[in-house]
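Reading the structure
For reference, the chains in residue letters:
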Amino acid sequence: MSQVTEFNDYRQRMNEKIMAADNKVIKRFFNLDTNAYQEGAVDVKTKEMLGLACSLVLRCDDCVKYHLGKCFEEKLTDEEVYEVFAIANLIGGSIVIPHFRRAVEYWEILKTEAAA
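The structure displayed is predicted, hence computed values, not measured ones.

Within the protein one finds 6 helices and 0 strands. Each helix (α) and strand (β) of the protein, taken in turn from the N terminus, gives the series α-α-α-α-α-α. Relative to the 2.2 N^0.38 estimate, which gives 13 Å for 116 residues, the radius of gyration of the protein is 15 Å and therefore close to what a compact globule would have. Counting over 116 residues, the protein shows a buried share of 25%. Summarising the internal contacts of the protein: among those between residues at least 6 apart in sequence, 58% fall at separations of at least 24.

See the structure below:
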């Protein structure tokens, strides 16, 4: 199973389990997160680039994978993604580099699987 499929399946399975707990606060938080990335004064593509940069700086590999997937859906170019990577490394410092490496690997997998 590919990294992309494994990540998406796990995320979906766990989100379903979390939502099944029927906790009002958790449901509202998830809803807030979903709505924050909807089209508004700032377009979805820009919001996903912001999410990717923040996720790298915060060193959340799952978040990075999620936002890379969304950036791929928004048809970001390699040049755009690498500019986001550059900004995240600049803001986060050298501690971001291991997460940056994994992000590059995942971005390449997204492209390879889409081409297949």
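And the narrative resumes.
Another point: the state of the cysteines. For the structure shown, the criterion picks out 1 disulfide. Two residues, cysteine 60 and cysteine 63, share a disulfide whose sulfurs are 2.3 Å apart. Measuring the twist about the S-S bond at about 65 degrees, one finds the cysteine 60-cysteine 63 disulfide to be right-handed. Taking relative accessible area as the criterion, cysteine 60 reaches 25% and is therefore assigned partly exposed. The thiol sulfur of cysteine 71 is not disulfide-bonded, and the nearest other cysteine sulfur, from cysteine 54, lies at 12 Å. Assessed through its relative accessible area of 0%, cysteine 71 is described here as buried.

Conventions we followed
Here the residue index of a chain counts from 1 through its sequence in written order. A pLDDT threshold of at least 70 governs which residues receive local features in this predicted model, and a stricter bar of 80 or more applies before side-chain atom pairs are shown or counted, although totals over entire chains, interfaces and linings include all residues. Excluding hydrogens and water, the side-chain figures rest on all heavy atoms present in the structure. Only DSSP runs of H or I reaching four residues or more are called helices, and only runs of E reaching two or more are called strands; each is numbered from the N terminus. Radius of gyration here is computed from C-alpha atoms only, and the compact-globule reference equals 2.2 Å multiplied by the residue count raised to the power 0.38. Per-residue accessibility, obtained with a 1.4 Å probe over protein chains only, is compared with the maximum for each type, and a residue is labelled buried under 20%, exposed over 50%, and partly exposed between these values. Every residue pair with non-hydrogen atoms within 4.5 Å of one another is taken to be in contact. Disulfide: a pair of cysteine sulfur atoms within 2.5 Å of each other.

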